[in-house]
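Here are the chains, one letter per residue:
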Amino acid sequence: MANQSHITIFAPALSQPAGEPLSYGGLVEAIRNGEAQELLWDPDLRKVRVTLLGGRQSVVDVFPENPVLIQEADAAGIPLTIQDSRQQQALTGLMGNLLLVVLILVGLAFLLRRSAKAANRALGFGRSKPRLRAENDIKVCFEDVAGINEAKNELQEVVAFLKQPDRFTSIGARIPRGVLLVGPPGTGKTLLARAVAGEAGVHFFSISASEFVELFVGVGASRVRNLFRQAKEKAPCIVFIDEIDAVGRQRGAGIGGGNDEREQTLNQLLTEMDGFEDNSGVILLAATNRPDVLDTALLRPGRFDRRVLVDLPDRHGREAILNVHARTRPISPEVDLATWARRTPGFSGADLANLLNEAAILTARSQKQCIQDNHIMGALERVTMGLPAAPLQDSGKKRLIAYHEVGHALLATLLDRADDLDKVTLLPRSGGVGGFTRFIPDEMVVDSGLVTRARLQAQMVVSMGGRAAELVVFGKQEITQGASSDIEAVTTTAREMVTRYGFSSLGPVAWEGDQAEVFIGRDWLQQRPTYSKDTAKALDEEVQQLAKQALAKACDLLSRHRPLMDQLTDELIEQETITGDQFRAIVDRYQRQTAPPDHHVGTGQTTAVNCLKASPRPHPASEGAGGGG
Ligand code: ADP
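Residue numbers here run from 1 along each chain, matching the order of that chain's written sequence. The predicted nature of this model means local features are confined to residues of pLDDT at least 70 and side-chain atom pairs, given and counted, to a pLDDT of 80 or more, with totals for whole chains, interfaces and linings taken over all residues. To get the side-chain values, take all heavy atoms of the structure and skip hydrogens and water.

*Asks:* What exactly am I supposed to notice about the pattern of salt bridges here?
*Replies:* A pair can form between side chains of opposite charge whenever their charged atoms are brought close. Whenever Lys or Arg places a side-chain nitrogen within 4 Å of a carboxyl oxygen from Asp or Glu, that contact is recorded as a salt bridge. Counted according to the given criterion, the structure contains 21 salt bridges. Across the pair R327 and D144 runs a salt bridge, and its minimum N-O distance is 2.7 Å. Note that R327 is positioned in the loop between α11 (315-326) and α12 (337-342) and D144 in the loop between β6 (133-135) and α4 (149-163), a separation of 183 residues in sequence. Throughout, exposure labels follow a simple rule: accessible area from a 1.4 Å probe, protein chains only, divided by the maximum for the residue type, with under 20% read as buried, over 50% as exposed, and the rest as partly exposed. On the accessibility criterion, D144 (23% relative accessible area) is partly exposed. Two residues, E381 and K423, come together in a salt bridge whose shortest N-O distance is 2.4 Å. Taken together, the positions of E381 in helix α14 (residues 373-385) and K423 in strand β12 (residues 420-425) put the pair 42 residues apart, joining distant regions of the chain. Put simply, DSSP marks the helices as runs of H or I at least four residues long and the strands as runs of E at least two long, and each gets a number from the N terminus on.

What follows is the structure in structure tokens.
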């Protein structure tokens, strides 16, 4: 047993050294004949490393249980070391597991931190202040707001409430809490609200209602609270909420229920308005162009119970607005702003401000000192027709467009009640407009908003002028799609005449309602056809009939004035732009020279602009124009 002492346990790694490998039999043989000098055995790896005479080493595969090897080594007196690699493996395993645990812990901590940050941010939303603009030194006053006198007068009262509340409270009058400014965009609602604050000399808070609405439910409500808290601190003040319909829409009007966040915000707004003590000095002004979609709770007495209409300005209003904006700009003395007010029906205050601004830019570009008529005209065309494009080169296409535009212009001049021609031009505009004809709409119609049946019929005939000219001059096969927008306009007018105004043989029945945008959900779900299939067919036929009649009349008038049309077209191609006065002079001269075959008395209102839209892809017909009958 003395040789047992040769057996030691340690743990270096075993790998096959270079040289001839030894078999198990060879190993036993080497032990027996004394060639082996030292043995290192790893039962776990089932390997023995043997050091032979001369120092050569070899690794031999053995069984894990190998008493023979021990006996042989013992008998030969060769030192046998047993290596215990389990310790090492256990250690490695332990280290690996520890590392894994550490990794998992680090990963978890990272994830937790991230979600905590997100949660913090989410909660921060509620705390974050809305972009509330508080101004205490408003310079705008009622003088800067023009053309909306009724609205201004209504709001004078609010100024009085803010300036001298005692005058009202002493006799028991309750100061209104909310005033709703209703009107299309750009009519000066924000300006008016600022002017109220400016006149009263109070703080002005403004916020857009869409800023209340956030992804997280409850944030909007907290912002409303925040807004009212700040406003009460600064009372007396004006709080202006723009686009109130963003939160004030009727609750429960969406398809499949409502919008939680918006409804909560609205509820908060309603609650806060109720929570005002009477006469607290905070007056809410809210703007919208869709009062019909607002929740009725918002409009009840004690909330937004006053409604002020801020409509598009009439001619005098437009002139006044132009004058306001001309105050800060050098305008040439010969510019008559009243004429420009006449030429801009349907323009809002913002449009007019923009018009003068564009004119000022054009003036600066042309290195002039003050704004002249041609600059304003350039600006008007930029605003209404788009930027100028490269002049037309192709003479065939130019001739076709010239005939098309002269068709509109001549009919407008021939028809008695049609709007005055302002100008007809062949100078193209960006967006594929090859040329256009502009009219000055009748003041009576624009101001009163009333239009006669005869005037609408005349409008359709003038609109059909372009297509009719193409037909008369170039023949059926050569007409172009350039008249598509005219045809669309005619169809819309005819349909409205038949289905809404009772201007047809189908009688005074409103077959269709106002085609204004439906209020999603509510109106859509309630929409039902109000007439039978037979009526629908009759309506379509009637509309078709009206459009056909307009085209027939246009063709008839133009063919009877064919020489005049040719002369005007040559003139237009030559000059590229003919003003209304020049055009009428040519027509007059012609009519004096030749006894007019028939002076057709027609009717009036025309579209403000008739233009020929060139196709994005050249249309074969428009390319081939120039010949034909
Ligand atoms: P809204 O709030 O109705 O959309 P804004 O009050 O923001 O319109 O109007 C935009 C700009 O248009 C104003 O800053 C002002 O320059 C001009 N504007 C609009 N209406 C008028 C007006 N009645 N008088 C003078 N300027 C106006």
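Moving on from the coordinates now.
*Asks:* What exactly am I supposed to notice about helix α2 (residues 67-76) here?
*Replies:* Because the α-helix completes a turn every 3.6 residues, residues three or four places apart line up on one side. Those residues of α2 that fall on the buried side of the exposure criterion are L69, E72, A73 and D74. Whether two residues are in contact is decided by their heavy atoms: any pair within 4.5 Å suffices. At its buried positions, α2 is contacted by α1 (24-32), β2 (36-42), β3 (47-52) and β5 (80-83). Phi turns positive, to about 70 degrees, at G77, one or two residues after α2.

*Asks:* Please clarify how the side chain of T288 should be interpreted in this entry.
*Replies:* In this structure, T288 sits in strand β10 (residues 282-288). Counting of polar contacts relies on pairs of N or O atoms within 3.5 Å, with two restrictions inside protein: one atom must be capable of donating a hydrogen and the other of accepting it, and residues adjacent in sequence are counted only when both atoms are side-chain atoms. At 2.8 Å, the side chain of T288 and the side chain of D245 are in polar contact. Here T288 is in contact with L180, L181, V182, G183, K189, I244, D245 and L294, once residues within four sequence places are set aside.

*Asks:* In this structure, what is going on with the packing of aromatic side chains? I would like to understand it.
*Replies:* The geometry of an aromatic ring pair is captured by the separation of the ring centres together with the interplanar angle, meaning the angle of the planes. Each pair of aromatic rings taken from Phe, Tyr and Trp, with Trp reduced to its six-membered ring, is defined by centres within 6.5 Å and is described as stacked if the planes are under 30 degrees apart, edge-to-face if over 60, and tilted in the remaining cases. Applying the stated criterion to the full structure yields five aromatic pairs. Where Y403 meets F474, the ring centres are 5.7 Å apart and the plane angle is 90 degrees; that geometry is what we call edge-to-face. Of this pair, Y403 sits in helix α15 (residues 395-414) while F474 sits in helix α18 (residues 465-474), placing them 71 residues apart in sequence. Grouping residues by exposure puts Y403 and F474 together as buried. Criterion for a charge above a ring: Lys NZ or Arg CZ within 6 Å of the ring centre, and within 35 degrees of the ring normal. The aromatic ring of W340 is capped on one face by R343, whose charged end is 4.7 Å from the ring centroid.

*Asks:* Could you clarify how one ought to interpret the nonpolar core in this entry?
*Replies:* Taken as a class, soluble globular proteins show a tendency for nonpolar side chains to be buried jointly. With 52 residues, the main nonpolar core has L410, L558, M565, L568 and F583 as its most contacted residues. In terms of residue count, the dominant contributor to this core is α15 (ten residues). For F583, the residues in contact, after removing those within four places along its chain, are V406, A409, L410, T413, L421, V424, L568 and I578. Here, nonpolar core means buried Ala, Val, Leu, Ile, Met, Phe, Trp, Tyr and Cys residues that are tied together by side-chain atoms lying within 4.5 Å of each other. In terms of nonpolar packing, the next biggest core, distinct from the first, is built from 31 residues, F161, F204, I283 and V308 among them.

*Asks:* Sorry if this is basic, but what is going on with the site of the ligand here?
*Replies:* Throughout, near means a residue has at least one heavy atom within 4 Å of the molecule or strand. In the region of the ligand, 15 residues are neighbours, and A146, G186, K189, T190 and H325 sit closest. Between a nitrogen atom of the ligand and a side-chain N or O atom of H325, the distance comes to 2.9 Å. These domain boundaries are the output of an automatic or database domain assignment. No fewer than three residues from each of domain 2 (131-309) and domain 3 (315-385) sit in the shell around the ligand.

*Asks:* Would you mind going over unusual backbone geometry with me for this structure?
*Replies:* For residues that are not glycine, phi is negative in most cases, and the peptide bond is trans in most cases. Despite not being glycine, E243 has its phi angle at roughly 50 degrees, a positive value. Here E243 is to be found in the loop between β9 (237-242) and α8 (245-248). With a relative accessible area of 38%, E243 lands in the partly exposed category. Of note, E576 is a non-glycine position whose phi angle comes to about 70 degrees, a positive value.

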